[in-house]
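Structural characterization, general
So you can see what is in the structure, the chains are spelled out below.
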Amino acid sequence: PRPALARAAAAARAAAGLGGAPRPWIGAHVRRGDSCREGAYMGRTCSGGAAYAREACGLGARYGFGTLVVATDSDAALAELRAALPACGWPASAPVVATPAAARGGRQDGAKADARIEDLMAAGVVDAAEEFAAVLVDVTVLSDCDAFVGKFTSNLDRLAYALLVLSL
């Protein structure tokens, strides 16, 4: 990445405590955007935290339970994921961390849950440049992971996975 993005991603990894976090890192992108709001119309599925937890636990069982690195636009989705992990076998000793960009305030929770990001930007509720910079940081950090849980209906997920594979 460009130097500014590399610095921002390094700062995000440090803020999340990933410097000494045990490997493998399993990245997960848990989104509460279009698929939850317009999924039936668009042919997409809104998955709860338990679905992501099951997949993360499956990867952990296969490759080892290191650290789960979560990027999300919803504090509620992160809470669902964390609550579902013990039931599927994620050990309490294996860290679960949210990327700082994801943890900055749960944009899709509360009154904003029904709003489209484009409408939030147009209304000045969300700064487009700040939002996009946070997305780039999340993609970069997720691409540093050793395995990935996401959906191929998400552009962010496809990009993070492609970069992860290219870095192998």
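First, a word on what this report is: a plain description of the structure on this page. Predicted, not measured: the structure shown is a model, and the values here were computed from it. (Residues numbered from 1 in each chain as written. Predicted model: local features only at pLDDT ≥ 70, side-chain atom pairs only at ≥ 80, totals over all residues. Heavy atoms only, no water.)

1. With respect to the packing of helix H3 (residues 49-63) against helix H4 (residues 75-88)
In a pair of packed helices, the angle between the axes and the distance between the axes together describe the arrangement. Heads up, the condition is: Structural elements are reduced to axes, namely lines fitted to C-alpha atoms, with helices fitted over the stretch in contact, and the angle between N-to-C directions of any two is expressed from 0 to 180 degrees. What counts as a helix is a DSSP run of H or I of at least four residues, what counts as a strand is a run of E of at least two, and both are numbered from the N terminus. Roughly parallel refers to an angle under 35 degrees, roughly antiparallel to one over 145, roughly perpendicular to one between 65 and 115, and oblique to any angle outside these ranges. Handedness of a crossing follows from how the near helix is turned relative to the far one, being left-handed for an anticlockwise turn of less than a right angle and right-handed for a clockwise one. We call two residues in contact whenever any of their non-hydrogen atoms come within 4.5 Å of each other. Any residue outside Ala, Val, Leu, Ile, Met, Phe, Trp, Tyr, Cys, Pro, Asp, Glu, Lys and Arg is labelled polar, Gly included; the first ten of those are nonpolar and the last four are charged.
Viewed as axis vectors pointing N to C, H3 and H4 meet at an angle of 45°, and their least axial separation amounts to 7 Å. When the axes of H3 and H4 are compared, the pair comes out oblique. Crossing angle aside, the handedness with which H3 passes H4 is right-handed. Contacts between H3 and H4 involve Gly49, Ala50, Tyr52, Ala53, Arg54 and Cys57 from the first element and Ala77, Glu80, Leu81, Ala84, Leu85 and Cys88 from the second. Its residues assigned to classes, the contact of H3 with H4 shows nine nonpolar, one polar and two charged.

2. Some details on the nonpolar core
Operational definition: By nonpolar core is meant a set of buried Ala, Val, Leu, Ile, Met, Phe, Trp, Tyr and Cys residues that side-chain atoms within 4.5 Å join together. Partly exposed residues are those whose accessible area sits between 20% and 50% of the maximum for their type, while under 20% is buried and over 50% is exposed, using a 1.4 Å probe and protein chains only.
Ile26, Leu68, Val70, Leu81, Leu85, Trp90 and Val149 are the most contacted members of the largest nonpolar core, which has 21 residues in total. Among the elements of the structure, strand E1 (25-30), H3, strand E2 (67-72), H4, strand E3 (96-98) and strand E4 (147-149) are those that each provide at least two residues to this core. Grouped together as the second largest cluster of nonpolar side chains are 18 residues, Ala9, Val137, Leu142 and Leu156 included.

3. What to know about the environment of Ala14
Along the chain, the position of Ala14 falls in helix H1 (residues 3-15). Linking Ala14 and Pro100, residues 86 residues apart in sequence, is a C-alpha distance of 9.4 Å.

4. Examining the state of the cysteines
Where we set the bar: Count a disulfide wherever a pair of cysteine sulfur atoms falls within 2.5 Å.
Tallying each qualifying case throughout the model produces one disulfide. The side chain of Cys57 participates in a disulfide bridge whose partner is Cys88; the two sulfur atoms lie 2.0 Å from each other. With the S-S bond torsion at 50°, the cross-link from Cys57 to Cys88 turns out right-handed. Taken together, the positions of Cys57 in helix H3 and Cys88 in helix H4 put the pair 31 residues apart, joining distant regions of the chain. When its relative accessible area of 4% is taken as the criterion, Cys57 is described as buried. Accessibility expressed as a relative area gives 29% for Cys88, which makes it partly exposed.

5. Some details on the packing of H1 against helix H6 (residues 128-143)
Two elements in contact, H1 and H6, have axes whose closest approach is 9 Å; the angle formed by their N-to-C orientations is 70°. Classified by the angle between their axes, H1 and H6 sit roughly perpendicular to one another. Both H1 and H6 take part in a crossing whose hand is right-handed. Contacts between H1 and H6 involve Leu5, Ala8, Ala9, Ala12 and Arg13 on the former and, on the latter, Leu136, Val137, Thr140 and Val141. Of the residues that constitute the contact of H1 with H6, the class distribution is seven nonpolar, one polar and one charged.

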